[in-house]
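# Understanding the architecture of this molecule
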Amino acid sequence: MNAQNERLYNLSAFQAIALFSSSFLPVMFWIYPTVAVHYARLDAQWSLLCTVLIGVFISWVHGRLNDRFPNMTGPDFACLVWGRWMGKAITALYVPVYLLFLGVSLYFAISLMKYFFPLTMRMWLALAMIVVAWRGAWCGVEAMGRASAIVHPLTFAGILASFGAILANADQPLIPISFTSLSQTASGIYHLLPLYLGMDLILIVNPYYRHRRGKSEWYPVIATAIGGVVVMLVFFSIVVNLGFTPTERLPYPVQVVIQLIRLRGFLVERLGIVIIILSVAYTTLFLGNHIWALSSTVARIVGASDHKFRPFTFFVAPSIFAISQIIATTTQARDIVTVTLAPASWVVVVVIPLCTYLIASLRGIRTDTREEIQPEGRQRRAARRRARRSP
């Protein structure tokens, strides 16, 4: 896809970072402390830290890919690097993985909402969220960027304030600083990577923000670092207050902590309700981002412009809703995450982007020499040349 100038730079740097930051975490946010402790035991904090560092590194790879192909979406430069048919096949691999990923994310969201609305059917809760998310996706990436710039900072500030207060009010630290088992740590890392499933949205947003050499490649890194701060803070807050064994036994440890711990003198008395409201807004935004991104991906697979994504939302959104309704229990949803999405996340988040970047680097494939990539710098150089030629 050779983008035209008028379609570039629709998102500011802040909007791009907020959009990137709201593209991952929901599928495991409410359960990842349990998963970390179950697989890594007393090394859960180390496996989680390593997972965060892997996420930061992969986000840098995504940023480098974006700057290398600044006017192409992920499916387009996949075809350029891998070849047309291989690129389309690789891109098509993302579709079932992301549909399952988004369906499970929606299931976890409505399971938590069910706690506050026990008389409301899960189907209606899911339908309400998917309709709002679909409407946001229908409006396009610019609308999602503006929404992200509002919702994500509020969610980030709320989590920092609330879980920071929870951590500060703990009686005593329970996190060991010793390292016990390399194999357990590796197992924890392997099963925790679905936290970053969804990061590939970064590659789809590529043509819609300004690329500046030495700057824009760090936008995904900043976004992932923000998510890493949230992940580590929430984990420490839970384990310090509950301990390792209770954390492993709880299906939704994040929900339990924000419901059971009351902070005296805190600005908001019902802390749990505030966090749930923020998480619902965040999850709806997250679903909207990915409905747009996945619809744009399908459009590119079939050869349509990514501006023609709207008809494909009628396939993506109902599929996500249907998957969320097929899942029967929390145990089944967790099994899907640890058995199916964990290996899939290593393929689509780590292996494919990294291989694409390495092949493009070795073969010297890039499209970042076009006039519109550095317009200001080129204009300054042209002005200097004109000044030297003038008498």
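Just so it is clear, the structure is predicted and the values come from calculations on it, not from any experiment.

A word on helix H7 (residues 141–168). Compared with an ideal rise of 1.5 Å per residue, which puts 28 residues at 40 Å, H7 spans 38 Å between its outermost C-alpha atoms and is within 8% of the ideal. Largest kink in H7: about 30 degrees, centred on serine 148.

What follows concerns helix H6 (residues 122–138). The end-to-end C-alpha separation of H6 is 24 Å, in line with the 24 Å expected for 17 residues at 1.5 Å each. Taken together, the buried positions of H6 are Leu125, Ala126, Met129, Ile130, Ala133 and Ala137. Angular distribution of buried residues about the axis of H6 spans 115 degrees; they occupy a single face of the element. Just downstream of H6 lies glycine 140, where phi reads positive at about 100 degrees.

With that out of the way, let us pick up the packing of aromatic side chains. Going through the model one piece at a time under the given rule, you end up with 18 aromatic pairs. Centroid distance tyrosine 98 to phenylalanine 101: 5.4 Å. Interplanar angle 80 degrees. Geometry classified as edge-to-face. With tyrosine 98 and phenylalanine 101 both in helix H5 (residues 84–116) and three residues apart, this pair spans about one turn of that helix. Like tyrosine 98, the residue phenylalanine 101 is buried in the burial classification. An aromatic cluster of at least three residues, connected via ring pairs, comprises Tyr94, Tyr98, Phe101 and Phe286. The aromatic ring of tryptophan 85 is capped on one face by arginine 84, whose charged end is 4.8 Å from the ring centroid. Residue placement shows arginine 310 over the ring face of tryptophan 138; its charged tip is 5.6 Å from the ring centre.

A word on the packing of helix H8 (residues 182–192) against helix H15 (residues 330–363). Here H8 crosses H15 at 90 degrees, and the two axes come no closer than 7 Å. By the angle class used here, H8 and H15 are roughly perpendicular. For the pair formed by H8 and H15, the contact residues are Ile189, Tyr190 and His191 on the first element and Thr338, Ala342, Pro343 and Trp346 on the second. Partitioning the contact of H8 with H15 into residue classes produces five nonpolar, two polar and no charged.

The subject of this paragraph is the confidence of the model for the protein. For the protein, per-residue confidence averages 85 on the pLDDT scale, and residues scoring 70 or more make up 86% of the total. Ranking the helices and strands of the protein by mean pLDDT puts helix H14 (residues 310–326) first, with 95, and helix H16 (residues 375–389) last, with 48. Within the model, pLDDT remains below 50 along residues 1–8, and this stretch shows 22 contacts once partners closer than five positions in the same chain are excluded. Counting contacts from residues 370–381, a segment whose pLDDT is below 50, to residues more than four positions away or on other chains yields 22 contacts.

With that settled, consider the packing of H5 against H15. At a closest axis distance of 10 Å, the pairing of H5 and H15 adopts a crossing angle of 145 degrees. Once H5 is placed against H15, the crossing between them reads as left-handed. Contacts from Ile90, Leu93, Tyr94, Val97, Tyr98, Leu100, Phe101, Val104, Tyr107 and Phe108 in H5 reach Thr330, Ala333, Arg334, Ile336, Val337, Thr340, Leu341, Ala344, Val347, Val348, Ile352 and Pro353 in H15.

On the surface, Met121, Met123, Trp124, Leu127 and Val131 cluster together into a nonpolar patch covering about 450 Å² of accessible area. Judged by relative accessible area, which is 43%, valine 131 ranks as partly exposed.

Turning next to the environment of valine 254. Structurally, valine 254 can be placed in helix H12 (residues 253–260). Taking the relative accessible area as the measure of exposure, valine 254 reaches 0% and is therefore buried. Put simply, valine 254 and proline 33 are 221 residues apart on the chain and 8.0 Å apart in space, counted from C-alpha to C-alpha. Ignoring sequence-local partners within four residues, the contact set of valine 254 consists of Phe29, Trp30, Pro33, Phe163, Val234 and Ile238.

We now examine unusual backbone geometry. Phi angles above zero are rare outside glycine, and leucine 25 is one such case at about 90 degrees. Residue position: leucine 25 is located in the loop between helix H1 (13–21) and helix H2 (32–40). With a relative accessible area of 7%, leucine 25 lands in the buried category. For arginine 41, which is not a glycine, the phi torsion comes out positive at approximately 55 degrees. For arginine 41, the location among the structural elements is in the loop between H2 and helix H3 (44–68). Since its relative accessible area comes to 37%, arginine 41 is described here as partly exposed.

Parameters at a glance
- Residues numbered from 1 in each chain as written.
- Predicted model: local features only at pLDDT ≥ 70, side-chain atom pairs only at ≥ 80, totals over all residues.
- Heavy atoms only, no water.
- Helix = DSSP H or I, 4+ residues; strand = E, 2+ residues; numbered from the N terminus.
- Expected span 1.5 Å × (residues − 1).
- Bend = angle between axes of the 7 residues up to and from the residue.
- Buried < 20%, exposed > 50% of the residue type's maximum accessible area, 1.4 Å probe, protein only.
- Arc of directions from axis to C-beta.
- Phe/Tyr/Trp six-rings, centres within 6.5 Å; stacked < 30°, edge-to-face > 60°.
- Lys NZ or Arg CZ within 6 Å of the ring centre and 35° of its normal.
- Axes fitted to C-alpha atoms, helices over the stretch in contact; angles between N-to-C directions.
- Parallel < 35°, antiparallel > 145°, perpendicular 65-115°, else oblique.
- Contact = heavy atoms within 4.5 Å.
- Nonpolar A, V, L, I, M, F, W, Y, C, P; charged D, E, K, R; others polar.
- pLDDT = per-residue confidence, 0-100.
- Left-handed = near helix turned anticlockwise from the far one by under 90°.
- Patch = residues over 30% accessible without salt bridge, like charges linked within 9 Å, V, L, I, M, F, W, Y side chains within 5 Å.
- Areas by Shrake-Rupley, 256 points an atom, 1.4 Å probe, with all protein chains shown as cover.
- Salt bridge = Lys/Arg side-chain N within 4 Å of Asp/Glu carboxyl O.

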